[in-house]
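# Fold and geometry: a report
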Amino acid sequence: MKIGINNSLCSGCRVCQLICALTCEKVNNPKKGRLEIVGHFPVPGGYEIKMTDECNQCGQCVRFCPMGALYREDEE
Amino acid sequence: MNGYGGKILRVNLTSGLIKTEPLDPRFAREWIGGRGFAARLLYDEVKRGANPLGEENKVIIASGPLSGVFVPAGAKVAFAAKSPATGGYGESNMGGHFSPEMKYAGYDVIIIEGTAPQPSYLFIEDDRVEIRSAQKYWGKGCLTSEKMLKSDLREEFQILTIGPAGENLVRFACISHDFGRQAGRTGMGTVFGSKKLKAIAIKGTEAIPVANVKEATRLGKEMFKQIFDNPALKQWQDYGTPGVVNWANEIEAFPTRNFQMEYFEHHKNLSGQLMRDRIVTSDKACFGCPMSCGKYSHTRKTSKYKYNVWVEGPEYETIALCGGNCALPNIEDVAYANWVCDELGIDTISSGAVIAFAMECFEKGIITEKDAGRKIRFGDVDSFAYLAKKIAYQKGIGKILARGTRDASKVFGPEAEKLAMQIKGLEISGYSFRNALAMALAYGTCDVGAHHNRAWAITYDIEVGRQKSEGKAAKVIFLQHVRPMFDMLGTCRLQWVELGFELENYPKILEAVTGFKYSLEELLKFSEKVWNLTRMFWAREIKGFGQTYDWPPQRFFKVPPGKEKIFLTREIYDQLLQEYYKLRGWNKNGIPTRKKLRELNLEFTMGDLPHKKIKLEIQVVGYIKELFPGERFPLELENPLTIREILKRLKVKEELVGLVTVNGEPGNKDHVPSDGDKIMFMAFAAGG
Ligand code: SF4
Ligand code: SF4
Ligand code: SF4
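Thresholds applied
- Residues numbered from 1 in each chain as written.
- Chains lettered and ligands numbered in written order.
- Predicted model: local features only at pLDDT ≥ 70, side-chain atom pairs only at ≥ 80, totals over all residues.
- Heavy atoms only, no water.
- Core = buried A, V, L, I, M, F, W, Y, C linked by side-chain atoms within 4.5 Å.
- Buried < 20%, exposed > 50% of the residue type's maximum accessible area, 1.4 Å probe, protein only.
- Helix = DSSP H or I, 4+ residues; strand = E, 2+ residues; numbered from the N terminus.
- Contact = heavy atoms within 4.5 Å.
- Salt bridge = Lys/Arg side-chain N within 4 Å of Asp/Glu carboxyl O.
- Buried area = accessible area lost by both parts, 1.4 Å probe.
- Polar contact = N/O pair within 3.5 Å; in protein donor to acceptor, adjacent residues only side chain to side chain.
- Lys, Arg positive; Asp, Glu negative; His and termini not counted.
- Axes fitted to C-alpha atoms, helices over the stretch in contact; angles between N-to-C directions.
- Parallel < 35°, antiparallel > 145°, perpendicular 65-115°, else oblique.
- Left-handed = near helix turned anticlockwise from the far one by under 90°.
- Nonpolar A, V, L, I, M, F, W, Y, C, P; charged D, E, K, R; others polar.
- Near = heavy atom within 4 Å.

So, on to the nonpolar core. Residues and elements named next belong to chain B. If you look at the biggest cluster of nonpolar residues, it comprises 189 residues, and the most contacted ones within it are Phe-37 and Leu-401. At eleven residues, helix H24 (residues 520-541) tops the list of elements feeding residues into this core. In this structure, Leu-401 is in contact with Phe-172, Val-354, Phe-357, Ala-358, Leu-387, Ile-391, Ala-408 and Phe-412, ignoring residues within four places of it in sequence. Ile-61, Met-94, Ala-183 and Ile-200 belong to the second-largest nonpolar core, a separate cluster that totals 29 residues.

In structure tokens form, the structure reads like this:
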């Protein structure tokens, strides 16, 4: 599956990093998540989602992203 | 240690000494984390009579066992210190990303002691901890200095800063984090300022050990699912706390013009819905939170609005206190006022209250144009910004207002004192309560001064009837125990408050994460313990502390203009308060009884009870009377003792005493008699 990104919906909650690290590395450590969330504050605000090369497109982060900022491209 | 960072970091800014101490598992089991750790450590470590702005005060920063793990909203951290705003127990709770980061760096608690010789900041990257110069950031606003620190270190550092108000010791200065989250209340930023601590930057890279990863992940997923399936989630994600602005006006609980009224005629211009359309640019969440109640906003300069700012918020409380209470008529003005406060580093709640107080004083002629340096008007955002800056820099009238409403009003005189909307020295937050008896009691008895969300009881008032008093004291106590549970766990409570999330979720996941088994009742009992401990902190620190500190200002007992009647009266409030004390096991003056303190294993606080000798009347029946000083005699005790201890003191072998009665009722030898009790000792076969 291919993962789509919509930065403008991202709330910076980092649930994606947490679930990715738990799924792929079995550790409770968002720093081990295979994607990064970068904030752009105070101006203009908002977040940027960066997938890393290690991402295997398993889709766990999509299931738990509460904002729909990550989505399955094949469903769009 | 599962669920914990495992260490306490102790930083002494005077000596520059940095130490880590292992977290004691027994301490963790008993005080859980967050607010529990903070309250206990503060009680033990800050000595009675400490000057809140002195070297001897400490800031305890405490994370909780569910912070940073896979649960919804494991994001909350507690800051506690003796409060410069109130002189009593000071604590503020903050979301964002700081709490999890502490745990990834291995720390459950950071204790800040002493005062730095020059402006400093604390740098923490896992085990590397340094006190660094903050000369470069000193004098800069909260948001500006956070941005500077992020550029100087790296974006992924989580940062706390204070602004000019904290540096200048304004009593309601806040700690700012993540460009818009604050530990706002009770002057925690002021204590940072007094310690010359400008900022803390932290980054942690380690995993949090979890007792049962599989089970914790399964439960975590279930909790997230429950939230995703909740129909109220969307509304919350869209509007956040400002979603209640219209409702608060409909039920007439919206602070308006320094609480003179409870309905604001321009409230529709301040609603969450309108705000979303007009100024919100994106959503912003605390760590792990699917609800994203943070709204990031941008107001543009137009012919109608003068200011161009980016700000997180405004949140409901800011809208209530800076909006309605200062009568700012549109959301753009409120957003600007919010930004001014955030950058200066003052709590938007107390600031809105203090400025509204000044506006009313001006309206009533208590302060003049000459005193203030210009005209001060309700509804005028420039008056607001002008006063906010005067306060933050302690200039002109700001020097007086920077003390908060209680102490500022004392300077302005008795007429002004009537206009100070505070309890225990803390300004009242965003829900007026002339027609909400449970909310009135919740504010009155709140452990930090008048703050709404330590027990947000107003929905209960609406549900059961606002004028009713039956059951309200018990409900307030229940709410006052649920909230600390979340604060101890290090999670947000809004999932429970707003989405009706089951409380039973928490002991289950706590066990999977920490390996400690708790029942919900047990967790709530720990909350009760924390509540009583903080009450004892007040009793210890404030001479003459008691029920007079639990009363709202007179204004709340008066019918506001345009209304015919209100439900809150002095008689009803008095009854509620006494019922509350009784249910809590406190005496009529609102001080925990020895019995209660023993029940909660808080014996270590007993020496701090207001000092009073205990006078007992002793009577002895039967042949054992020869062993006593007499058949009937008075006995005075300095400290409460059990019957067993009393016998020991009288040098009578307890085996010889068969029966004990206290005021005619059979008593056992572990009973602690109170002042005025009549004790009778009988031999085994008295008279036989
Ligand atoms: S899709 Fe990639 S980033 Fe998402 S959970 Fe799987 S590995 Fe992690
Ligand atoms: S991508 Fe989704 S899960 Fe990740 S931080 Fe953004 S909103 Fe949260
Ligand atoms: S509900 Fe709001 S305050 Fe609570 S954790 Fe989520 S974003 Fe933060």
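All names here are of chain B. For the structure on display, the rule yields 63 salt bridges over all chains. Between Glu-30 and Lys-529 there is a salt bridge, and its shortest N-O distance comes to 2.3 Å. Of this pair, Glu-30 sits in helix H1 (residues 25-31) while Lys-529 is found in helix H24, placing the two residues 499 residues apart along the sequence. We note a salt bridge from Glu-156 to Arg-154, for which the minimum N-O separation is 3.3 Å. Using a relative accessible area of 33% as the deciding quantity, one classes Glu-156 as partly exposed. Each of Glu-125, Arg-128, Glu-130, Arg-132, Arg-154, Glu-156 and Lys-203 takes part in a single network of salt bridges with overlapping partners.

Moving on, we get to the interface of chain B and chain A. Taken residue by residue, the interface counts 36 residues in chain B and 30 residues in chain A. Buried area between chain B and chain A, both sides added, is near 2600 Å², and the carbon and sulfur share of it is 64%. Three residues stand out in chain B for area buried against chain A, namely Phe70(B), Glu155(B) and Trp310(B), and they jointly supply 19% of the buried area on that side. The interface formed by chain B and chain A includes one salt bridge. Between Lys31(A) and Glu101(B) there is a salt bridge, with the nearest N and O atoms lying 2.6 Å from each other. On inspection of chain B and its partner chain A, the count reaches twelve residue pairs in polar contact (both at pLDDT 80 or more). Among the secondary structure elements, those contributing two or more residues to the side of chain B that touches chain A are helix H3 (98-104), helix H7 (213-228) and strand E13 (280-284) of chain B.

Moving on, we get to the side chain of Asp677(B). All names here are of chain B. Following the sequence through the fold, Asp-677 ends up in the loop between strand E21 (665-667) and strand E22 (678-683). Put simply, Asp-677 is tucked away with no salt bridge, and the nearest opposite charge, on Lys-678, sits 8.0 Å away. A polar side-chain atom of Asp-677 sits 3.1 Å from a polar atom in the side chain of Asn-663. In this structure Asp-677 touches Lys-615, Leu-616, Glu-617, Val-662, Asn-663 and His-671, once residues within four positions along its chain are discounted.

Residues and elements named next belong to chain B. The geometry of helix H13 (residues 348-363) relative to helix H17 (residues 404-412) is characterised by a closest axis approach of 10 Å and an angle of 20° between their N-to-C directions. By the criterion of interaxial angle, the relationship of H13 to H17 is roughly parallel. As for how H13 packs across H17, the hand of that crossing is right-handed. Contact with H13, carried on its side by Ala-353, Val-354 and Phe-357, involves Gly-404, Thr-405, Ala-408, Ser-409 and Phe-412 of H17 and no other residues of that element. The residue makeup of the contact of H13 with H17, split by class, is five nonpolar, three polar and no charged.

All right, on to the site of ligand 2 then. Neighbouring residues of ligand 2: 13 residues in total, closest Cys10(A), Cys13(A), Arg14(A), Cys16(A) and Cys65(A). Residue composition of the shell around ligand 2, by class: ten nonpolar, two polar and one charged.

Residues and elements named next belong to chain B. Across the interface, helix H11 (residues 316-323) lies against helix H12 (residues 331-344) with an axial gap of 10 Å and an inter-helix angle of 100°. On the basis of their axis angle, the class for H11 and H12 is roughly perpendicular. Here H11 contributes Thr-318, Ile-319, Cys-322 and Gly-323 to the contact with H12, which in turn contributes Ile-331, Val-334, Ala-337 and Asn-338. Of the residues that constitute the contact of H11 with H12, the class distribution is five nonpolar, three polar and no charged.

Turning to the site of ligand 3, a few remarks are in order. The environment of ligand 3 is formed by Ala73(B), Lys76(B), Arg181(B), Trp236(B), Cys286(B), Cys289(B), Met291(B), Ser292(B), Cys293(B), Cys492(B), Leu494(B) and Gln495(B). The residue inventory of the shell around ligand 3, partitioned by class, reads eight nonpolar, two polar and two charged.

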